[in-house]
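Residue-level structural notes
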Amino acid sequence: MTYSPIFGILKNMLKEYRTLLPYFRKYKFKYIFGIIFLIITDAGQLYLPQFIRKAINSLSNGAFESSLIASLMIQMVVVALIISIGRFFWRFFLHGASRRIETELREKIFYHLLTLSSSFYGKRKTGDLMARMTNDMKAVRMASGMAFVAFTDGLFMALAILAILLINYTKLTLIVIIPLPFINLIVMSTGRLLGKRFKRVQDSYSSISERVQELLSGIRVIKTFRKEDHFLEQFDKDNTDYWEANMSLTKIWGGIFPIVMFLSGVTVSLLLYFGGKQVVLGTLAPGDFVAVLSYLGMLTWPMMGAGFTINLIQRGGASLMRINEVLKEKPDIVNIDEPGDVPELKTLSLRNLNYSFDNGKKVQVIKDFNLDLNAGETLGILGRTGSGKTTLIRLLPRLLESEQGTLWYNNIPIHELKLSQLRAAISMVPQETILFSRTIRENILFSREDAPQEDLERVIRISTLERDLKNFPKGLETMVGERGITLSGGQKQRIALARALLADPQILILDDALSAVDTKTEEYILHEMMKIRKGKTNILISHRVSTLQVSDKILVLDKGQIGQFGSHEELLKEEGLYRKIAVLQSLENEETP
């Protein structure tokens, strides 16, 4: 009776809780054993008032016997020991199962995040995803653990206590349980409001997480432009929204317990009046009166447990809804059913390639692009900002998805090749260098963990990191701050370059990857790099003509199309953007002392 609203809520939440069904099946025996020990614990608690009843009745009848009291005491100690053992094991099994579910579900989400395409991360904020991986997971754990305990424990205790009271004290029980239906109505009317309010709490928490993540990752920029007060104001607003969302939830949730306790007090008052009269009239023994009072006290938990269970289920359902939103996302870029292996590169062909971004308004970035690149060639790419250079190279390893039949690897459409092998064959050093909070050695070995020491030393030499390592406190074992914050721009770029060179890919792409390095250092790096990359394919994107001179062919990209194409010498002879930039940079170099 007390739990009728719970079944309605469980039915409404079933769609979201389906995500947990495989885990419930996996750990069903832990739940079964947990329930058994929980019922054993409850049964022991239900039996304790009987000892008190017998003792008080014995004393009130004047038939006091020390042996009887001693026997009752020993029995109570034994039952208390059984309750303690049962309580340990139901916690071990039920809470243990919920912890395992939390762990495995978090791993499932993390793995799923690794499969999603870059377009997903363009729409989602990091702080929001972090909140779903932490705060929402806690709510799911409580729903699969403590809510399950509260529901099972409360339901068993309520039915068992009502059965004991109705069988032994029918008329008195029917009077004292009159307030119970009102508790049902209160729980039913308030429980439905909890889910929306808790979702608002979780969304507000996500906003706070995102604000803090943004602050920490951009702290240098914030300090440079003296925007501390602005961020403090924004955080204060987010924090206030979070407080208001919690208060909105607390006003309802906090009001349930006082009302339940008040109605529980009403049942005790009814017992004192009607039960007391029966004791005076001699129709109810004093020990039985105390037993009924004890059982009514035990009924308080099932009454409160109903609201507690509904709250946890609503919270878990709201959090599962947010988690399921992520799990329902599908990667844009996947393997076909039976992809082929990536062969040794002979030619890379782009035929009538087009690509558009759709951010509410469709913008074409690459237009009717045609190019053939043979194995062992080095291609240089020059273009104004926004001309499509980065978009073009991201299409090659399928970081962005091209149309079918527009990209060919040895005359094989790249969509028919294994995605993991394709990306292993193409290493790219992007404009924005990403390093991990690990040592310099670990960051370089990230691309090839089993690389021999001589290969590691070679790429360190080529990238001119040797001179920097002498200044680091622990050399290669120096820890790199988050996203490489402790390093200069040039140091980060050269570590990223060493990482890409160590992979020894079939195609190496440098997307303006030496922009933070001085020209002399860049010249040395390119010279040494081309030695070890001889016979392999390279693509160099740069705004410096001096960088592109090592290329066999250079294309000038203009609004997603090839504006010019030829060798360095050929492009210097014809009018166009390449010659104009070459002249300007030549004048800059002459003016530099």
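Residues numbered from 1 in each chain as written. Predicted model: local features only at pLDDT ≥ 70, side-chain atom pairs only at ≥ 80, totals over all residues. Heavy atoms only, no water.

If you tally the helices and strands in the protein, you get 23 helices and 10 strands. Compactness check: the protein gives a C-alpha radius of gyration of 36 Å against a globular reference of 25 Å for 593 residues, more than 25% above the reference. Seen through its principal axes, the protein has C-alpha atoms that stretch 120 × 55 × 50 Å. Counting the 593 residues in the protein, one finds 46% classified as buried. A sequence separation of at least 24 residues applies to 77% of the contacts in the protein between residues at least 6 apart. Summed over all atoms, the accessible surface of the protein reaches about 30,700 Å², with 59% contributed by carbon and sulfur. (Helix = DSSP H or I, 4+ residues; strand = E, 2+ residues; numbered from the N terminus. Rg over C-alpha atoms; globule rule 2.2 N^0.38 Å. Buried < 20%, exposed > 50% of the residue type's maximum accessible area, 1.4 Å probe, protein only. Contact = heavy atoms within 4.5 Å. Areas by Shrake-Rupley, 256 points an atom, 1.4 Å probe, with all protein chains shown as cover.)

Taken as a whole, the largest pocket holds about 2,000 Å³ of empty space. Along its surface, the largest pocket is lined by 44 residues, and Ser118, Arg394, Leu399, Arg423 and Met428 are the ones closest to its centre. Of all the secondary structure elements, the ones that give two or more residues to the lining of the largest pocket are α4 (66-115), α5 (118-123), β1 (347-358), α14 (389-395), α15 (419-425), β6 (426-429) and α19 (489-503). (1 Å grid on protein atoms, 1.4 Å probe; cavity = no way out; pocket = protein on both sides within 12 Å on 5 of 7 lines; lining within 4 Å. Points joined across faces, edges and corners; volume = space filled by probe spheres on them.)

So, on to the side chain of Ser319. When you line up the elements, Ser319 lands in helix α13 (residues 286-327). Here Ser319 falls in the buried class, since its relative accessible area comes to 0%.

A word on the sheet that holds β1. Ordered by their spatial adjacency, four strands build an open sheet running β2-β1-β4-β5, and the pairing between neighbours is antiparallel. Looking at which strands have only one partner, the edges of the open sheet turn out to be β2 (362-374) and β5 (412-413). Both strand β4 (residues 407-409) and β5 contribute to a ladder of two bridges, which runs antiparallel. Each residue of the ladder has a partner; that of Trp408, found in β5, is Pro413. (Pairing = 2+ DSSP bridges.)

It is worth spelling out unusual backbone geometry at this point. Although it is not a glycine, Asn410 sits at a positive phi angle of roughly 55°. Inspection of the secondary structure assignment puts Asn410 in the loop between β4 and β5. Non-glycine residue Asp504 carries a positive phi angle of around 50°. When you line up the elements, Asp504 lands in the loop between α19 and β7 (507-511). Taking the relative accessible area as the measure of exposure, Asp504 reaches 39% and is therefore partly exposed.

Taken as a whole and judged by the stated rule, the model has 20 salt bridges. The partner of Asp341 in a salt bridge is Lys418, with the nearest N and O atoms 3.0 Å apart. Separated by 77 residues along the polypeptide, Asp341 in the loop between α13 and β1 and Lys418 in the loop between β5 and α15 bring together distant segments of the chain. Assessed through its relative accessible area of 30%, Lys418 is described here as partly exposed. In this structure, a network of salt bridges that share partners links the residues Arg99, Glu102, Arg106 and Arg141. (Salt bridge = Lys/Arg side-chain N within 4 Å of Asp/Glu carboxyl O.)

Among the nonpolar cores identified, the biggest contains 43 residues, and Ile440, Ile444, Leu510, Met529 and Tyr578 are the most heavily contacted of them. Put simply, the parts of the chain that give this core at least two residues each are α16 (440-444), α17 (453-462), α19, β7, α20 (519-532), α21 (545-548), β9 (553-558) and α23 (577-591). Here the element with the most residues in this core is α19; it accounts for seven residues. If you look at the next biggest cluster of nonpolar residues, it comprises 31 residues, including Ile366, Ile414, Ile426 and Ile509. (Core = buried A, V, L, I, M, F, W, Y, C linked by side-chain atoms within 4.5 Å.)

Before going further, it helps to examine a nonpolar patch on the surface. On the surface, Phe29, Ile32, Phe33, Ile36, Ile40, Ile74, Val78 and Ile82 cluster together into a nonpolar patch covering about 720 Å² of accessible area. Secondary structure elements with two or more residues in the nonpolar patch: α3 (28-60) and α4. Top contributing element to the nonpolar patch by residue count: α3, with five residues. Tracing the sequence through the fold places Phe29 in helix α3. The exposure class assigned to Phe29 is exposed, which follows from its relative accessible area of 53%. (Patch = residues over 30% accessible without salt bridge, like charges linked within 9 Å, V, L, I, M, F, W, Y side chains within 5 Å.)

Turning next to the side chain of Glu522. Mapping Glu522 onto the fold places it in helix α20. The exposure class assigned to Glu522 is buried, which follows from its relative accessible area of 3%. Those residues within four positions of Glu522 in sequence are excluded, and the remaining contacts are Leu514, Val517, Arg544, Ser546 and Thr547.

The final tally for this structure, using the stated rule, is three cavities of 30 Å³ or more. Within this model, the largest cavity holds a volume of roughly 60 Å³. Contributing to the lining of the largest cavity are Leu348, Leu350, Leu371, Leu373, Leu379, Ile381, Leu392, Ile393, Leu396 and Ile539. If you list the elements that add at least two residues to the lining of the largest cavity, you get β1, β2, β3 (378-383) and α14. Considered class by class, the residues forming the lining of the largest cavity number 10 nonpolar, no polar and no charged. (Nonpolar A, V, L, I, M, F, W, Y, C, P; charged D, E, K, R; others polar.)

Tracing the sequence through the fold places Met479 in the loop between α18 (466-469) and α19. In this structure, the C-alpha to C-alpha distance between Met479 and Met261, residues 218 residues apart in sequence, is 57 Å. Residue contacts for Met479: discarding those within four places in its chain leaves Ser437, Arg438, Thr439 and Thr486.

In this description, an aromatic ring pair is defined by two values, namely the gap between the centres and the angle between the planes. This model, assessed by the stated rule, comprises 14 aromatic pairs. Ring geometry for Tyr47 and Phe51: centres 5.0 Å apart, planes at 85°, overall edge-to-face. Of this pair, Tyr47 and Phe51 are both found in helix α3, four residues apart, which corresponds to roughly one turn of the helix. The partly exposed category is assigned to Tyr47, whose relative accessible area is 39%. One aromatic cluster is present, formed by Phe33, Phe37, Phe88, Phe89, Phe92 and Phe93 through successive ring pairs. When the ring centre of Trp408 is taken as reference, the NZ or CZ atom of Arg351 above it lies at 5.0 Å. (Phe/Tyr/Trp six-rings, centres within 6.5 Å; stacked < 30°, edge-to-face > 60°. Lys NZ or Arg CZ within 6 Å of the ring centre and 35° of its normal.)

Turning next to the packing of α17 against α19. Running from N to C, α17 and α19 point in directions that differ by 135°, and their axes come no closer than 9 Å. With respect to each other, α17 and α19 are oriented oblique. By crossing handedness, the relation of α17 to α19 is classed as right-handed. Listed contacts from α19 to Asp455, Leu456, Val459 and Ile462 of α17 are Ala498, Leu501 and Leu502. Split into classes, the residues belonging to the contact of α17 with α19 amount to six nonpolar, no polar and one charged. (Axes fitted to C-alpha atoms, helices over the stretch in contact; angles between N-to-C directions. Parallel < 35°, antiparallel > 145°, perpendicular 65-115°, else oblique. Left-handed = near helix turned anticlockwise from the far one by under 90°.)

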